[in-house]
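# Working through the structure, step by step
Listed below, chain by chain, are the residues.
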Amino acid sequence: MKFTDIRYLRTEKLIFDAFVKLLSNKPYEKITIQDIADEAMINRATFYSHYADKDTLQQGIQKQMIEQLSDMIDAAQVTTEDTVKVKKAESLLSHYYHSLEKNPSIAKIVLKNISQEILQNDFSQLLHQKYDHLLTKLNVTESGEPVPTDFIVAYLTSIFVGTLMWWIQSDFDMPAKELARLVIKLISNGHLTVMGVNINRED
């Protein structure tokens, strides 16, 4: 299949790198398909064999960002059946933030050209995909009534996406490691405990 062909993947990288380079010097709305093709040293037909338009390319970057986090979650092993390992969660976030910090143009694409609602929806789906085994065990109630799991996921996602957006807008004013420490501390010291999640602060 062409999606695993080395030439196809090499061209994907050329397009991606060209787009990111252009974004460091030019507003998104001013960049044309011809600009991207020229920078990548390909013709327009080759671009269109990969992406329908510039917006589709931007969405591909968003997808890559989510997939990168997904792969990191798989490798980090942050949870057991009913426990969140705080140190591993902090390390995971720190690693992810640092990857964005090293590629600020990509991070700014996310901020400027992807709505917060879309980003929250993507992260919400990722949380369900990775942590449904933990989420289904939650038994959060308010005034004797159960709190829907989807509400809890939306709440946690808004915290993560909101702080991520703030960090990008601040031009990465806080070091990645410190941001990860602060986000995990705030969540683990209150929100997760209230939800009945066991917290492991040692491993």
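Each chain carries its own residue numbering, running from 1 in the direction its sequence is written. This being a predicted model, a pLDDT of at least 70 is required before a residue's local features are given, and a value of 80 or more before pairs of side-chain atoms are given or counted; all residues contribute to the totals for chains, interfaces and linings. Excluded from the side-chain calculations are hydrogens and water; all other atoms, namely the structure's heavy atoms, are used.

As annotated in an unreviewed UniProt entry, the chain carries the name Transcriptional regulator and is attributed to Streptococcus troglodytae.

## Some points on the overall build of the chain
How we decide: Under the DSSP-based scheme used, a helix requires at least four consecutive residues in state H or I and a strand at least two consecutive residues in state E, with every element numbered from the N terminus. Accessibility here uses a 1.4 Å probe with only protein chains present; expressed as a share of the type maximum, an area under 20% marks a residue as buried, one over 50% as exposed, and anything in between as partly exposed. Here a residue-residue contact requires only that any non-hydrogen atoms of the pair lie within 4.5 Å. Each accessible area value is a Shrake-Rupley result obtained with a 1.4 Å probe; residue values ignore everything except the protein chains displayed when judging cover.
A count of helices and strands for the chain gives nine helices and four strands. Starting at the N terminus and ending at the C terminus, the chain contains elements arranged as α-α-α-α-β-α-α-α-β-β-α-α-β. Buried positions account for 42% of the 203 residues belonging to the chain. Contacts in the chain between residues far apart in sequence, at least 24 positions, make up 71% of those at least 6 positions apart. Counting only carbon and sulfur atoms, one obtains 53% of the accessible surface of the chain, whose full area is about 11,600 Å².

## Details of the environment of H128
Here H128 is to be found in helix α7 (residues 116–135). Separated by 21 residues in sequence, H128 and T149 have C-alpha atoms that sit 9.7 Å apart. The contact partners of H128, leaving out residues within four places of it in the chain, are L135, T149, D150 and V153.

## Comments concerning the packing of helix α1 (residues 6–23) against helix α2 (residues 33–40)
Applied cut-off: For every element, the axis is a line fit to its C-alpha atoms; helices are fit only across the contacting stretch, and the angle between N-to-C directions ranges from 0 to 180 degrees. Should an angle fall under 35 degrees it is called roughly parallel, over 145 degrees roughly antiparallel, and 65 to 115 degrees roughly perpendicular, with every other angle called oblique. Handedness of each helix crossing follows the sense of rotation of the near helix against the far helix: counterclockwise by less than a right angle gives left-handed, clockwise gives right-handed. For this classification, Asp, Glu, Lys and Arg are treated as charged, while Ala, Val, Leu, Ile, Met, Phe, Trp, Tyr, Cys and Pro are nonpolar and the rest, including Gly, are polar.
At a closest axis distance of 8 Å, the pairing of α1 and α2 adopts a crossing angle of 115 degrees. Looking at the two axes, α1 sits roughly perpendicular to α2. Seen from above, α1 lies across α2 with right-handed handedness. Residues L14, I15, A18, F19, K21 and L22 of α1 form the contact with α2, whose own contacting residues are D35, I36, E39 and A40. Partitioning the contact of α1 with α2 into residue classes produces seven nonpolar, no polar and three charged.

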